[in-house]
Amino acid sequence: MHSTIDAEVAWAAFDAGTFQLRDAVPDLIAILESPPGTDARTRDYLIAAVLDALIQLRDSNFARPRLAVPSATTLERHYARWPIQVLLLMSEAAPERAIILERWLQTARGLQWYAIANLLLNEKPAPSGFANDLLNDVELRLEVDVADDGIGIGSGGGRGSGVADGFEEQPRDFPPHAVYRFESGPSANAIVLAQGPRSSYYSRRVVAEWQFFVATLLDGGPSTTDRLDYLNALVNRPHLFELRPSTAVTIAWKNERDLRMRIEAERQKIASEWQRMIASLVDGGYLRASEAAARPLPLEVEVRDQRKRPHRQLPDLTVKGRQ
């Protein structure tokens, strides 16, 4: 571990994880805290070997006392390059990890977002800002079709995420390299990273000469449906809130006054459910009253004329933005 040759240090880390050399943990943590001043590519592979060794030692540590882990602030330095390894070790780091995880959640997308949200959801108690983070991008929509009859009601929504791979040549004389990938769901090679409404998974495999590096796609989530599911899970009562990202109703045309009244009735149903959710978050201590008061109903209303032979044009009842 104390060699001045990077490849030898990487081999020492690899052996520590392979042969469960628990006494090496303090040295491994010290390397993470102050990586040697080599070129970036060599340093990346060395840090990857150290992170993997700490994970292997942690995963097989069934005896007491528990092994030491790097501090959350130390792990944060390596998050951008090695997100999966850092999140795995962050599940042990305390006490500042919740603050750091919340900060990462605000810019995370795709599978990475679900992993962080699951770790925050499993915090006991949940961080005070987590509910606000989940509420930030909730968008609700009411779609009203005005027709000659009132047949037809529906709603919809969806999500998707993924990962991509690239190649980079491994430094000479380095040990085999452990490749970590986010996985979109359970499979033969997938391991649970953190459980939640959208449980997150990863896989690990060892390659001898080439590295596949993880690049999380920045699309595919989280959706409003995901955020609402996590809010339900936060108060620990599944299906408590009947909010949906999109609500579609068809209203039979009678006259303008009747149309306005019926649209307002539909809007009030959504507003009532929104306020019930906000009140539950306040009652549970997940949201402050001042934060709740600053949360207007994030509802857009779109009215579409589907009448076959309209006698007169519909008034503009579309509402955009938060109410």
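Residues numbered from 1 in each chain as written. Predicted model: local features only at pLDDT ≥ 70, side-chain atom pairs only at ≥ 80, totals over all residues. Heavy atoms only, no water.

Along the chain, the regular secondary structure elements total eleven helices and eight strands. Every one of the 323 residues in the chain was classed for burial, and the buried ones make up 49%. A sequence separation of at least 24 residues applies to 75% of the contacts in the chain between residues at least 6 apart. Carbon and sulfur atoms form 50% of the exposed surface of the chain, whose accessible area is close to 16500 Å². (Helix = DSSP H or I, 4+ residues; strand = E, 2+ residues; numbered from the N terminus. Buried < 20%, exposed > 50% of the residue type's maximum accessible area, 1.4 Å probe, protein only. Contact = heavy atoms within 4.5 Å. Areas by Shrake-Rupley, 256 points an atom, 1.4 Å probe, with all protein chains shown as cover.)

Here we come to the packing of helix H1 (residues 6–18) against helix H3 (residues 40–59). Two elements in contact, H1 and H3, have axes whose closest approach is 8 Å; the angle formed by their N-to-C orientations is 15 degrees. On the basis of the axis angle, H1 is roughly parallel to H3. Regarding H1 and H3, the two cross each other, and that crossing is left-handed. Where H1 abuts H3, its residues Asp6, Val9, Ala10, Ala13, Ala16 and Gly17 lie against Thr42, Leu46, Ala49, Val50, Ala53, Gln56 and Leu57. Counted by class, the contact of H1 with H3 contains nine nonpolar, three polar and one charged residues. (Axes fitted to C-alpha atoms, helices over the stretch in contact; angles between N-to-C directions. Parallel < 35°, antiparallel > 145°, perpendicular 65-115°, else oblique. Left-handed = near helix turned anticlockwise from the far one by under 90°. Nonpolar A, V, L, I, M, F, W, Y, C, P; charged D, E, K, R; others polar.)

In a regular helix each residue adds 1.5 Å, so 13 residues correspond to 18 Å; H1 covers 18 Å between its end C-alpha atoms and thus fits that length. Looking at H1, one finds that the buried residues are Asp6, Ala7, Val9, Ala10, Ala13, Ala16 and Gly17. In this fold, the buried residues of H1 make contact with helix H2 (25–33) and H3. (Expected span 1.5 Å × (residues − 1).)

Moving on to the confidence of the model for the chain. For residues with low pLDDT, the predicted coordinates do not support detailed interpretation. Of all residues in the chain, 85% attain a pLDDT of 70 or more, and the chain-wide mean is 85. In this model, residues 152–167 is a region of pLDDT below 50 whose contacts with residues beyond four sequence positions or in other chains number 47 contacts. (pLDDT = per-residue confidence, 0-100.)

Taken as a whole and judged by the stated rule, the model has six aromatic pairs. Ring centres of Trp113 and Tyr230 lie 5.3 Å apart, and the angle between their planes is 85 degrees; on these two criteria the pair is classed as edge-to-face. Taken together, the residues Trp113 in helix H7 (residues 110–121) and Tyr230 in helix H9 (residues 224–234) connect sequence positions 117 residues apart. Here the two residues Trp113 and Tyr230 agree in accessibility, since each one is buried. Ring centres of Tyr180 and Tyr202 lie 5.9 Å apart, and the angle between their planes is 20 degrees; on these two criteria the pair is classed as stacked. You can see Tyr180 sitting in strand S3 (residues 177–183) and its partner Tyr202 sitting in strand S5 (residues 200–207), a full 22 residues away along the chain. (Phe/Tyr/Trp six-rings, centres within 6.5 Å; stacked < 30°, edge-to-face > 60°.)

What follows concerns the nonpolar core. Ranked by internal contacts, the top residues of the largest apolar core, which has 90 residues, are Leu87 and Met277. If one sorts the elements of this core by residue count, H3 sits on top with eleven residues. With residues up to four places along the chain from it excluded, the contact list for Met277 reads Leu135, Leu228, Leu231, Phe241 and Leu243. (Core = buried A, V, L, I, M, F, W, Y, C linked by side-chain atoms within 4.5 Å.)

With that settled, the discussion passes to the sheet that holds S3. Taken in spatial order, the three strands make up an open sheet running S3-S5-S4, and their pairing is antiparallel. The open sheet has two free edges, formed respectively by S3 and strand S4 (191–194), since each of these has just one partner strand. For this sheet the average axis-to-axis angle between neighbouring strands, irrespective of direction, equals 40 degrees. Pairing geometry for S3 and S5, over seven bridges, is antiparallel. Following the sheet pairing, Ala178 is matched in S5 by Val206. This element, H3, spans S3 and S5 of the sheet and lies at about 75 degrees to S3. (Pairing = 2+ DSSP bridges.)

Burial of strand S1 (residues 140–147) is extensive: seven of the eight residues sit out of reach of the surface. The pairing of S1 with strand S8 (residues 299–305) spans seven bridges and is classified as parallel. In the strand pairing of S8, Glu143 is matched with Glu302. As judged from the seven bridges shared by S1 and strand S7 (residues 246–252), these two strands associate in the parallel manner. By the bridge assignment for S7, Arg141 is matched with Ser246.

This paragraph deals with the pattern of salt bridges. Scanning the model with the defined rule gives 19 salt bridges in all. Here Glu76 makes a salt bridge to Arg103, at a shortest N to O gap of 2.4 Å. With Glu76 in helix H4 (residues 72–76) and Arg103 in helix H6 (residues 97–105), the pair connects residues that are 27 residues apart, well separated along the chain. Exposure remark for Glu76: the relative accessible area of 25% places this residue in the partly exposed category. Asp145 serves as the salt-bridge partner of Arg304, at 2.8 Å between the closest nitrogen and oxygen. (Salt bridge = Lys/Arg side-chain N within 4 Å of Asp/Glu carboxyl O.)

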